[in-house]
Amino acid sequence: METDIFIYIGALFFLAGALTPQIPVIRGTRLPYLFPAVGSLILGAYGFALCLGLPGNAFSQVEVLPFLTYSFGTDGLSGFFIMIISAVSFCVILYCPGYYIDAKAGQMSFIFVNLFILSMYAVVASANVISFLIAWEAMSLISYFLITLKGDPNSAKSGLIYIVMTHIGTAFIILMFLLL
């Protein structure tokens, strides 16, 4: 069996965690938190196996144009970061039920938390510049929505400062890639 199946299974658990709070029967229960917790465990085990020497591979590659390929890959270094992201996200998911369970904004926040964690995995598993920049931008925009979802003036101001600073950082990252 190819090792990349674990990436797909872990990602599906996070997507299920993002979508299940919208199902009326499940809304208000702790069941949606089970999916990303299991996804964190699966991806954490995969990252640990990569650190121990499991050979990584390019598990997704799409050629949009002859010079533009969007791809992801894993190796020991990305496995280390996958393991760290998994450990932290597992702890976040354990904390989430008391924080998000009741409010409608909490349900939206939980969707963005799941997507944010997935985008962090995409950043560390990017195998080329294009996929890295797209994953980085997705991570930045999703975290902006997490900041501003509360809706008060302070979070709106903080979100504006954050989005300006992250785009300045992205411009420098693009400049660095161009220099390389």
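What you see is a predicted model; the values in this text were computed from it and never measured.

Asker: Can you break down the nonpolar core residue by residue, with the values?
Answerer: The biggest cluster of nonpolar side chains holds 16 residues, and the ones touching the most others in it are Phe14, Tyr33, Leu43, Ile93, Phe110, Ile117 and Tyr121. Ranked by the residues each element gives to this core, the list is headed by helix H4 (residues 104–124), at five residues. Filtering out sequence-adjacent residues up to four positions away, phenylalanine 14 remains in contact with Pro36, Gly39, Ser40, Leu43, Ser89, Asn114, Ile117, Leu118 and Tyr121.

Asker: Could you give an account of the packing of aromatic side chains, naming the residues involved and the relevant values?
Answerer: Counted according to the given criterion, the structure contains nine aromatic pairs. A ring pair is formed by phenylalanine 112 and phenylalanine 145, whose centres lie 5.4 Å apart and whose planes are at 20 degrees; its orientation type is stacked. Separated by 33 residues along the polypeptide, phenylalanine 112 in helix H4 and phenylalanine 145 in helix H5 (residues 129–148) bring together distant segments of the chain. Classification of phenylalanine 112 as buried rests on a relative accessible area of 16%. Of the aromatic side chains, those joined through ring pairs into one cluster are Phe112, Tyr144 and Phe145.

Parameters and conventions
Residues numbered from 1 in each chain as written. Predicted model: local features only at pLDDT ≥ 70, side-chain atom pairs only at ≥ 80, totals over all residues. Heavy atoms only, no water. Core = buried A, V, L, I, M, F, W, Y, C linked by side-chain atoms within 4.5 Å. Buried < 20%, exposed > 50% of the residue type's maximum accessible area, 1.4 Å probe, protein only. Helix = DSSP H or I, 4+ residues; strand = E, 2+ residues; numbered from the N terminus. Contact = heavy atoms within 4.5 Å. Phe/Tyr/Trp six-rings, centres within 6.5 Å; stacked < 30°, edge-to-face > 60°.

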